[in-house]
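Take a look at the letters that make up each chain.
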Amino acid sequence: MVGGLSGSIPLVIAFNDLKRELAPLRSDLDAALARVLDSGWFALGEELKGFECEFAEYLGGGEVAGVANGTDALELALRALDVEPGDKVITAANAGGYASTAILACGAHPVYVDVDPETGLISPQHLGDDLLVSAKAIIITHLYGQMADMTILAQRARTANTFLVEDCAQAHGARLDGRAAGCWGDIACFSFYPTKNLGALGDAGAVFSTKKPYIEKVRHLRQYGWRDKYVHELRGGRNSRLDEIHAACLRTRLPTLESANLRRRAIGQRYQEGIAHPLIRVPRRRTDSSDVVHLYPVRCEQRSALMAHLRAEGIQTAIHYPLPDHLQPAWKSQVGSPSLPNTEKRAEEILSLPCHGALTDQEIDHVIDTCNRFRP
Ligand SMILES: *Cc1c(COP(=O)(O)O)cnc(C)c1O
């Protein structure tokens, strides 16, 4: 082996590497694409039906409606719950703005609560009962792959008579007490954007619920609000279909999700054990199935210096997310000025390290070693 260890480390450690990640599945994906081409049927067909059944079964039973993307999933889920103009919907301001987009699209008001400083998740502690009672719904995001404290949050939402929506776009296959993310609330939303733990070959999403009427409503809303063809019966409808080509790809990848999540957990553990630096705070993440390690953000007060140091060594990083929702230019005038100190402090310090299925142990160790050599 010429060059030994360092010689085989590639120049760039990409934040995502889908080409490499999908390579082992290439012939299966080719077959899935051929199946769709041969069928001559490209929207709302057998592949989607098959995926909806298989994904519902994977989650432990219920109903799935495929939609065009994860943001549509959130909006159509809120519409299925009859969220209307003027309603309050509680959410966190640190989860990428997708929930805010959906809430505002319904004409409802996002009400932000602060997050736990360590995990970035909504914790029962930051959620007042009066607020919960006043809201029509709460969206809990299982951020970075970590499940929120659903035992308590689901109980609190039930008592307050407030709908619980789970955003599982970063938590496909996470399980708390054996129960999957998505099965704790009234309705749940998934994105299958290519870089998610379960990704399509483009945009795709889904809504899940054990309550069939909600999913039937989403099935109407995703197709113009039609109940029968060309009869626009439901308000708030649109075109939001999950194409056959993506459904076929998702059916190919679903059986590999468990092993892919195990690999992500192993990467997270390797980072946790390896990074030891006084200026880099490694998150204390749970090592059980309640965390599927979609992203691995560390925290550092000298974030831009750390980012530059890693970049100089060929390591790509990203920030999830740099600007909280209540400070976003498009929204700040209409969402008031909530006090969210943990949210704002985290936004200044978080830095996501590469964390995807194609990473080798050697690459992870290079990231660890480079972090440990940080000298600002
Ligand atoms: C990716 C993501 C979404 C949105 O999904 P799209 O398919 O990109 O619309 C929603 N919520 C969270 C937490 C996400 O990570």
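Refer to the preceding data block for the structure.
Residues numbered from 1 in each chain as written. Predicted model: local features only at pLDDT ≥ 70, side-chain atom pairs only at ≥ 80, totals over all residues. Heavy atoms only, no water.

1. Thoughts on the packing of aromatic side chains
Part 1 of the argument: Inspection of every chain in the model, using the stated rule, returns 10 aromatic pairs.
Part 2 of the argument: Both rings, one in Tyr224 and one in Trp226, keep their centres 4.6 Å apart while their planes meet at 50 degrees; by these two values the pair is tilted.
Part 3 of the argument: Taking the relative accessible area as the measure of exposure, Tyr224 reaches 26% and is therefore partly exposed.
Part 4 of the argument: Taking the centre distance of 5.0 Å and the plane angle of 70 degrees together, the rings of Trp226 and Tyr230 count as edge-to-face.
Part 5 of the argument: Through pairs of rings, three or more aromatic residues link up here, namely Phe51, Phe55, Tyr58, Phe190 and Phe192.
Part 6 of the argument: In this structure, Arg179 is placed above the aromatic ring of Trp184, and the distance from its NZ or CZ to the ring centre is 4.2 Å.
Part 7 of the argument: It is Lys196 that lies over the ring of Tyr98; its NZ or CZ is 5.7 Å from the centre. (Phe/Tyr/Trp six-rings, centres within 6.5 Å; stacked < 30°, edge-to-face > 60°. Buried < 20%, exposed > 50% of the residue type's maximum accessible area, 1.4 Å probe, protein only. Lys NZ or Arg CZ within 6 Å of the ring centre and 35° of its normal.)

2. Details of the pairing of strand β5 (residues 163–167)
In regular strands, side chains alternate between the two faces of the sheet.
Part 1 of the argument: Summarising burial for β5: 4 of the 5 residues are buried, a large majority.
Part 2 of the argument: Inspection of the sheet shows strand β4 (residues 137–141) paired to β5 by 5 bridges, in the parallel sense. Note that in β5 the partner of Ile139 across the bridge is Val165.
Part 3 of the argument: Running through helix α8 (residues 150–160), the crossover from β4 to the neighbouring parallel element β5 is right-handed.
Part 4 of the argument: Taken together, the 3 bridges between β5 and strand β8 (residues 187–191) define a ladder with parallel strand orientation. In the sheet register, Glu166 faces β8, and the bridge partner there is Ala188. (Helix = DSSP H or I, 4+ residues; strand = E, 2+ residues; numbered from the N terminus. Pairing = 2+ DSSP bridges. Right-handed = clockwise from strand over helix to strand, strands pointing away.)

3. Thoughts on the site of the ligand
Part 1 of the argument: What surrounds the ligand is the set Asn69, Gly70, Thr71, Tyr98, Thr141, Asp167, Ala169, Gln170, Ser191, Lys196 and Tyr321.
Part 2 of the argument: For the ligand, an oxygen atom lies 2.7 Å from a polar atom in the backbone of Gly70.
Part 3 of the argument: Contact distances for the ligand include 2.8 Å between an oxygen atom and a side-chain N or O atom of Gln170.
Part 4 of the argument: Relative to its unbound accessible area of 380 Å², the ligand is 93% covered by the protein chains.
Part 5 of the argument: Judged by its atoms lying within 2 Å of the grid points, the ligand is housed in the largest pocket.
Part 6 of the argument: Here the shell around the ligand is composed, by residue class, of 3 nonpolar, 6 polar and 2 charged. (Near = heavy atom within 4 Å. Polar contact = N/O pair within 3.5 Å; in protein donor to acceptor, adjacent residues only side chain to side chain. Areas by Shrake-Rupley, 256 points an atom, 1.4 Å probe, with all protein chains shown as cover. 1 Å grid on protein atoms, 1.4 Å probe; cavity = no way out; pocket = protein on both sides within 12 Å on 5 of 7 lines; lining within 4 Å. Sits in = over half its atoms within 2 Å of the grid points. Nonpolar A, V, L, I, M, F, W, Y, C, P; charged D, E, K, R; others polar.)

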